[in-house]
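Each chain, letter by letter, is given below.
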Amino acid sequence: LSPSLSICVCVSLSLSHTHTHTHALSFQLQGCFTGGMFALGASFTDTPVETLQVGKDITQACREMYDRTATKLGPDDVMFNSQKGGDLFSMSSSVYLLRPEVVESYFVLWRVTKDPKYREWGWEAAKAMEKHCRNDGGYTDIQNVNVNPPSPNSGVQQSFFLAETLKYLYLLFSDDDVLPLDKWVFNTEAHPFPVDGAFDRVAGVPFRA
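Rules of the game
Residues numbered from 1 in each chain as written. Predicted model: local features only at pLDDT ≥ 70, side-chain atom pairs only at ≥ 80, totals over all residues. Heavy atoms only, no water. Helix = DSSP H or I, 4+ residues; strand = E, 2+ residues; numbered from the N terminus. Buried < 20%, exposed > 50% of the residue type's maximum accessible area, 1.4 Å probe, protein only. Disulfide = S-S within 2.5 Å. Expected span 1.5 Å × (residues − 1). Arc of directions from axis to C-beta. Core = buried A, V, L, I, M, F, W, Y, C linked by side-chain atoms within 4.5 Å. Phe/Tyr/Trp six-rings, centres within 6.5 Å; stacked < 30°, edge-to-face > 60°. 1 Å grid on protein atoms, 1.4 Å probe; cavity = no way out; pocket = protein on both sides within 12 Å on 5 of 7 lines; lining within 4 Å. Points joined across faces, edges and corners; volume = space filled by probe spheres on them. Nonpolar A, V, L, I, M, F, W, Y, C, P; charged D, E, K, R; others polar. Axes fitted to C-alpha atoms, helices over the stretch in contact; angles between N-to-C directions. Parallel < 35°, antiparallel > 145°, perpendicular 65-115°, else oblique. Left-handed = near helix turned anticlockwise from the far one by under 90°. Contact = heavy atoms within 4.5 Å.

Chemist: Please clarify how the side chain of R63 should be interpreted in this entry.
Modeler: Tracing the sequence through the fold places R63 in helix α2 (residues 48-67). You can call R63 buried: its relative accessible area is 13%.

Chemist: Help me understand the state of the cysteines, please; the structure alone is not making it clear to me.
Modeler: Two cysteines, two sulfur atoms, one covalent bond between them: this is a disulfide. Going through the model one piece at a time under the given rule, you end up with one disulfide. Between the sulfur atoms of C32 and its disulfide mate C62 the distance is 2.1 Å. Across the disulfide from C32 to C62, rotation about the S-S bond amounts to roughly -105 degrees, and the bridge is consequently left-handed. With C32 in the loop between β2 (23-28) and α1 (33-41) and C62 in helix α2, this pair connects stretches of sequence that are 30 residues apart.

Chemist: Explain helix α4 (residues 117-132) here, please?
Modeler: An α-helical segment advances 3.6 residues per turn. Residues three or four places apart therefore align on the same side. Along its 16 residues, α4 runs 22 Å from first to last C-alpha, staying within 8% of the 22 Å computed at 1.5 Å per residue. Buried within α4 are the following residues: Y118, W121, G122, A125, A126, A128, M129 and H132. One side of α4 carries all its buried residues, which in axial view fall inside an arc of 160 degrees.

Chemist: Which parts of the structure should I look at to understand the nonpolar core?
Modeler: Across soluble globular proteins, nonpolar side chains have a tendency to be buried as a group. If you look at the biggest cluster of nonpolar residues, it comprises 43 residues, and the most contacted ones within it are L73, F80 and Y96. The set of elements that each furnish at least two residues to this core consists of β2, α2, β3 (77-80), α3 (101-113), α4 and α5 (159-172). Sorting elements by how many residues they give to this core places α3 first, with seven residues.

Chemist: Sorry, what's going on with the packing of aromatic side chains here?
Modeler: Any aromatic ring pair is given by two values, namely how distant the centres are and how the planes are angled relative to each other. Evaluated as defined, the whole model comprises ten aromatic pairs. Between F80 and F89 the ring centres are 5.9 Å apart and the planes differ by 65 degrees, which places this aromatic pair in the edge-to-face class. Look at F89 and you get buried, because its relative accessible area is 11%. Ring geometry for F107 versus F186: centroids 6.0 Å apart, planes at 90 degrees, classification edge-to-face. Taken together, the positions of F107 in helix α3 and F186 in strand β7 (residues 184-186) put the pair 79 residues apart, joining distant regions of the chain. Judged by its relative accessible area of 0%, F107 falls in the buried class. Classification of F186 as buried rests on a relative accessible area of 18%. These aromatic residues form a ring-pair network of at least three members: F27, F80 and F89.

Chemist: Is there a simple way to explain the layout of surface pockets in this structure?
Modeler: Taken as a whole, the largest pocket encloses approximately 680 Å³ of empty space. The wall of the largest pocket is formed by 29 residues, among which M37, L40, E104, V108 and F186 lie closest to the centre. Elements with a contribution of two residues or more to the lining of the largest pocket: α1, α3, α5 and β7. In the lining of the largest pocket, the residues fall into 18 nonpolar, five polar and six charged.

Chemist: Explain the packing of α3 against α4 here, please?
Modeler: When two helices pack together, you describe them by how their axes are tilted relative to each other and by the distance separating the axes. The interhelical angle for the contact between α3 and α4, taken along N-to-C directions, is 155 degrees, at an axis separation of 9 Å. When the interaxial angle is binned, α3 and α4 end up roughly antiparallel. As for the relative orientation of α3 and α4, their crossing is left-handed in sense. Together, V103, Y106, L109, W110 and T113 of α3 and Y118, R119, W121, G122 and A125 of α4 make up the contact between the two elements. A breakdown of the residues in the contact of α3 with α4 according to their chemical character gives seven nonpolar, two polar and one charged.

Chemist: Explain the packing of α1 against α3 here, please?
Modeler: Relative orientation of the contacting elements α1 and α3 amounts to 25 degrees, with a least axis distance of 7 Å. As judged from the angle between their axes, α1 and α3 are roughly parallel. Note that α1 runs across α3; the crossing there is left-handed. On α3, the residues touching F33, T34, G35, G36, A39 and L40 of α1 are E101, E104, S105, V108, L109 and V112. Residues that form the contact of α1 with α3 fall into these classes: six nonpolar, four polar and two charged.

Quick look at the structure:
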């Protein structure tokens with residue numbers, strides 16, 4: 001998608017049946033968990049280096065969604081440009097809803113690669129949330145990530161912000177022995193579950209997945 005970046009996105013592809021046949025590459029911010037998913041699964045494939053690279057490239061694309069806005073927070077839905085030249089993406093939905101998926105992949109990629117850029121990107125996101133989403137009662141969405149200062153918000157703090165977004169940010173800057181990824185797996189709501197066989201007992205009770 002970009003001659004100067006190694007990025008990859010999992011998109012919804014629409015084909016326009018016109019003389020020009022344009023490709024609309026729709027991508028939602030929620031899909032950014034796939035960067036971490038590919039990174040976690042890489043060692044279980046026949047092509048671990050290539051699979052890990054896919055995870056890195058997806059996460060790079062998601063970081064670009066954050067870095068190229070006025071607030072340094074990612075829009076909820078974009079259309080990536082599949083043609084050479086022009087902007088990397090256009091926004092289909094400019095709202096930011098405190099979603100966790102980008103920092104989830106930062107956390108996983110940090111644990112897997114130890115590349116410090118993932119912590120740097122996570123800190124950038126944390127500072128942007130603090131600057132643009134914090135209010136007297138907690139944290140809230142912003143309606144347009146490309147307006148700085150942001151436009152009026154809904155005043156709603158989503159439950160997944162506490163359960164997932166902040167949890168993954170905390171883990172990103174924690175030591176590896178805090179919920180190590182070879183012993184714990186996270187479900188889609190960021191609840192950690194022990195890997196079968198990783199522990200003989202959990203809280204004194206024999207565990208089997």
